[in-house]
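# Tertiary structure, described
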Amino acid sequence: MYLGLDLGTSGVKALLIDAGQGVIGSGHGTLDVSRPHPGWSEQDPLHWIRACEDAIAELKAAHPGQFAAIKGIGLSGQMHGATLLDAADQVLRPCILWNDTRSHVEAAALDADPRFRALTGNIVFPGFTAPKLAWVKNNEPAVFAKVAKVLLPKDFLRLWLTGEHISEMSDSAGTSWLDVGKRRWSSELLAATSLEEKQMPSLVEGTEKAGALRAGLASRWGIAAGTPVAGGAGDNAASACGMGTVGAGHAFVSLGTSGVLFAANAAYLPNPASAVHTFCHALPNTWHQMGVILSATDSLNWLSEITGKGAGELTSELGEMLKAPTGVSFLPYLSGERTPHNDSAIRGSFTGLAHESGRAVLTQAVLEGVAFAFRDSLEALKTAGTTLTRVTAIGGGSRSRYWLKAIATALQLPVDIPADGDFGAAFGAARLGLIAATGADPLAVCSAPRTDATIEPDAALGGAFADAYHRYRALYPAIKAVTA
């Protein structure tokens, strides 16, 4: 048996798989987010431990006889969080999370230093870890002076599990301190935020052993002491391991609250100007790129709240057959946009509205707007040297075949729908635990799920979608000009 632990923003998931990668069961522990000021988002790291205990307790209660067979543990987690510890490994303040924007001034200042983009391959976003430490230095100097270690969220769980300060490449690539091409900390970038490498965890690949389970926890859970804990991965890289998106040219489109177009790469291909994330993958000598849109299913949920109709009701009104764009366009920038604009101030809009623009027309425009936002990410990946021939769809929004048809037609790529199963971050973490424990071939373990169906682009509507995308592309500069 192999255990995957995924530390999300809203909870911890514990997933148990067997040697054949069959899912045995899962457990959950819940988390809350504290927002003491506008733009702030924090969690108490000790709550992560409680939620992890809850998830494991639920899983063990359902499968009490399986824990003694656990031979490896893998970790996944929300990225970018700044968990600050003193010399005694005591938490100095609540963790500043990935979606916290307080450090936007510090992020802009670091991004203006050309060394950051040159070494990390990324824009310094306010959500990344380095600007958060700069904010702490500027606003909480007494706390900053006591910082002995900076850990990412999942690596704080590792400290609790193993007593070790260790991270891995995929998560660390989102800090703005990693030389992403060379896969090592940059003393130069750390110094730019008044830090040293001794304040960072040591680094391993996600497939390598990164500590062993402490005897006390092992005894309490009925797991062998010394069970290896894998390096693991940041949440998107872990999901990619679960989906088998690990080889060059493999890609998935995640239609969740936010949207991600994720592509695996065999080489380091940075393109920071397009706001594409270029990070290390969880597997050695592998990288990945991500285009990120901030409001994917969130856009449909927003329309659902406005109309008083459920998201499923709205999409069902469109029927099964893809329709030609109506001339009504929607920009899904309800909370700004990441790729390709890196614009936190831009906001969404409908254009082309007329008396006959009923609810179904608005729904269609929202689905198309999100599809075109994914097309923006696809174009950004192309400029970074990544060419895709197909994508796999995951996330709650992928239940809408109409939406997937719109995405396939907007991207001009076939969209594969995987067979039912749990292929998320916890599953990817469990796979990494298996690899670390057994030395199995990572590419053989991280295989893709069986494809249940493929959605092909609508050839008859390709031209109409291309024209609609051209209109969509023209709207951002026009809207920005009147909202800046």
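Refer to the structure presented above.
Report follows, based on the coordinates.

Rules used throughout
- Residues numbered from 1 in each chain as written.
- Predicted model: local features only at pLDDT ≥ 70, side-chain atom pairs only at ≥ 80, totals over all residues.
- Heavy atoms only, no water.
- Helix = DSSP H or I, 4+ residues; strand = E, 2+ residues; numbered from the N terminus.
- Rg over C-alpha atoms; globule rule 2.2 N^0.38 Å.
- Buried < 20%, exposed > 50% of the residue type's maximum accessible area, 1.4 Å probe, protein only.
- Contact = heavy atoms within 4.5 Å.
- Lys, Arg positive; Asp, Glu negative; His and termini not counted.
- Charge placed at Lys NZ, Arg CZ, Asp CG, Glu CD.
- Salt bridge = Lys/Arg side-chain N within 4 Å of Asp/Glu carboxyl O.
- Pairing = 2+ DSSP bridges.
- Axes fitted to C-alpha atoms, helices over the stretch in contact; angles between N-to-C directions.
- Phe/Tyr/Trp six-rings, centres within 6.5 Å; stacked < 30°, edge-to-face > 60°.
- Lys NZ or Arg CZ within 6 Å of the ring centre and 35° of its normal.
- Arc of directions from axis to C-beta.
- Disulfide = S-S within 2.5 Å.
- Core = buried A, V, L, I, M, F, W, Y, C linked by side-chain atoms within 4.5 Å.
- Parallel < 35°, antiparallel > 145°, perpendicular 65-115°, else oblique.
- Left-handed = near helix turned anticlockwise from the far one by under 90°.
- Nonpolar A, V, L, I, M, F, W, Y, C, P; charged D, E, K, R; others polar.

### Thoughts on the overall build of the protein chain
For the protein chain, the helix and strand inventory stands at 17 helices and 24 strands. Radius of gyration (C-alpha) of the protein chain: 22 Å, near the 23 Å computed for a compact globule of 484 residues. Here the C-alpha coordinates of the protein chain stretch approximately 70 × 50 × 40 Å along the principal axes. Here the protein chain holds 484 residues, and the buried ones make up 59% of them. Sequence-distant contacts in the protein chain: of pairs separated by 6 or more residues, those separated by 24 or more amount to 72%. Taking the average location of the 38 positive side-chain charges in the protein chain and that of its 45 negative ones, the two points are 2 Å from each other.

### Structural notes on the pattern of salt bridges
Two side chains bearing opposite charge may form a pair once their charged atoms approach each other closely. By the definition in use, this model includes 22 salt bridges. Linking Glu205 and Arg183 is a salt bridge whose minimum nitrogen-to-oxygen distance equals 2.8 Å. You can see Glu205 sitting in the loop between β12 (202–204) and β13 (209–212) and its partner Arg183 sitting in the loop between β10 (178–179) and β11 (184–185), a full 22 residues away along the chain. Arg183 matches Glu205 in its accessibility class, with the two residues each being buried. Residue Arg390 pairs with Asp416 through a salt bridge whose shortest N-O separation is 2.8 Å.

### Considerations on the sheet that holds strand β22 (residues 391–394)
Strand order in the open sheet formed by seven strands is β18-β19-β17-β16-β22-β23-β24, and the pairing between neighbours is mixed. Every interior strand has two partners, whereas the edge strands, β18 (277–280) and β24 (451–455), have only one. Within the sheet, the average angular offset between the axes of one strand and its neighbour, ignoring direction, is 25 degrees. Strand direction decides the pairing type here: strand β16 (residues 251–255) and β22, joined by three bridges, are parallel. Paired with Ser254 across the strands is Ile394, a residue of β22. In this fold helix α14 (residues 401–411) packs onto β16, β22, β23 (415–418) and β24, with an angle of close to 60 degrees to the strand it touches most, β24.

### Let's talk about the packing of aromatic side chains
For any pair of aromatic rings, geometry is given as the distance between the ring centres together with the angle between the planes. Under the criterion given, the structure shown has 15 aromatic pairs. Summarising the aromatic geometry, the rings of Phe252 and Phe262 are spaced 4.9 Å apart at their centres and angled 5 degrees between planes, so their arrangement reads as stacked. With Phe252 in strand β16 and Phe262 in strand β17 (residues 259–265), this residue pair connects regions lying 10 residues apart in the sequence. Relative to Phe350, the ring of Phe330 lies with its centre 4.9 Å away and its plane at 40 degrees, an arrangement referred to as tilted. In this pair, Phe330 is assigned in strand β20 (residues 329–331) and Phe350 in strand β21 (residues 349–351), connecting sequence segments 20 residues apart. Here Phe350 falls in the partly exposed class, since its relative accessible area comes to 22%. Feature note: the residues Phe372, Phe465, Tyr469 and Tyr472 constitute an aromatic cluster, connected by ring pairs. Lying across the ring of Trp40, Arg102 places its NZ or CZ 3.5 Å from the centre. The aromatic ring of Phe125 is capped on one face by Arg338, whose charged end is 4.6 Å from the ring centroid.

### Re helix α2 (residues 104–111)
The set of residues buried in α2 consists of Glu106, Ala107, Leu110 and Asp111. An end-on view of α2 places all buried positions within 130 degrees of arc, on one side of the element. Exposed positions of α2 whose direction lies more than 90 degrees from the buried face are Val105 and Ala109.

### Focus on the environment of Glu317
Following the sequence through the fold, Glu317 ends up in the loop between α12 (311–316) and β20. Through-space distance from the C-alpha of Glu317 to that of Leu411 is 23 Å; in sequence the pair is 94 residues apart. Ignoring anything within four residues of it in the chain, the contact list for Glu317 reads Arg359 and Ala360.

### Some thoughts on the pairing of strand β3 (residues 23–30)
As paired elements, strand β2 (residues 11–17) and β3 share seven bridges and run antiparallel to each other. In the strand pairing of β3, Val12 is matched with Gly29.

### Some thoughts on the state of the cysteines
The tally for this structure, following the rule as stated, stands at zero disulfides. The closest cysteine sulfur to the non-disulfide-bonded Cys95 is located on Cys52, 16 Å from its own sulfur. Residue classification places Cys95 among the buried residues on the basis of a relative accessible area of 0%. Here Cys241 stays free of any disulfide, with the sulfur of Cys446 as its closest cysteine sulfur at 4.4 Å.

### Details of the side chain of Thr207
Locating Thr207 in the fold gives a position in the loop between β12 and β13. Filtering out sequence-adjacent residues up to four positions away, Thr207 remains in contact with Ala282, Leu283, Pro284, Leu432, Ile435, Ala436 and Pro442.

### Some remarks on the nonpolar core
Of all hydrophobic cores here, the largest spans 64 residues; its most connected members are Leu84, Leu133, Trp177 and Leu432. What Leu84 contacts, discounting residues up to four positions off in sequence, is Gln90, Val91, Leu92, Arg93, Leu133, Val136, Val143, Val147, Lys149 and Val150. By size, the runner-up hydrophobic cluster in this structure holds 54 residues, among which are Ala251, Leu367, Val391 and Tyr469.

### What to know about the environment of Gly319
Considering the arrangement of structural elements, one finds Gly319 in the loop between α12 and β20. For the pair Gly319 and Phe128, spaced 191 residues apart in the sequence, the C-alpha separation amounts to 41 Å.

### Some remarks on the packing of helix α13 (residues 359–383) against α14
It is at 9 Å that the axes of α13 and α14 come closest, and there the two elements cross at 40 degrees. Here α13 is positioned oblique relative to α14, judged by the angle of their axes. For the pair α13 and α14, the sense of crossing is right-handed. Note on element contacts: α14 touches α13 through Tyr402, Trp403, Ala406, Ile407, Ala410 and Leu411, opposite Gln364, Leu367, Val370, Ala371, Phe372, Phe374, Arg375 and Leu378. Classifying every residue of the contact of α13 with α14 by side-chain character gives 12 nonpolar, one polar and one charged.

Taken by themselves, the reported measurements are silent on function.
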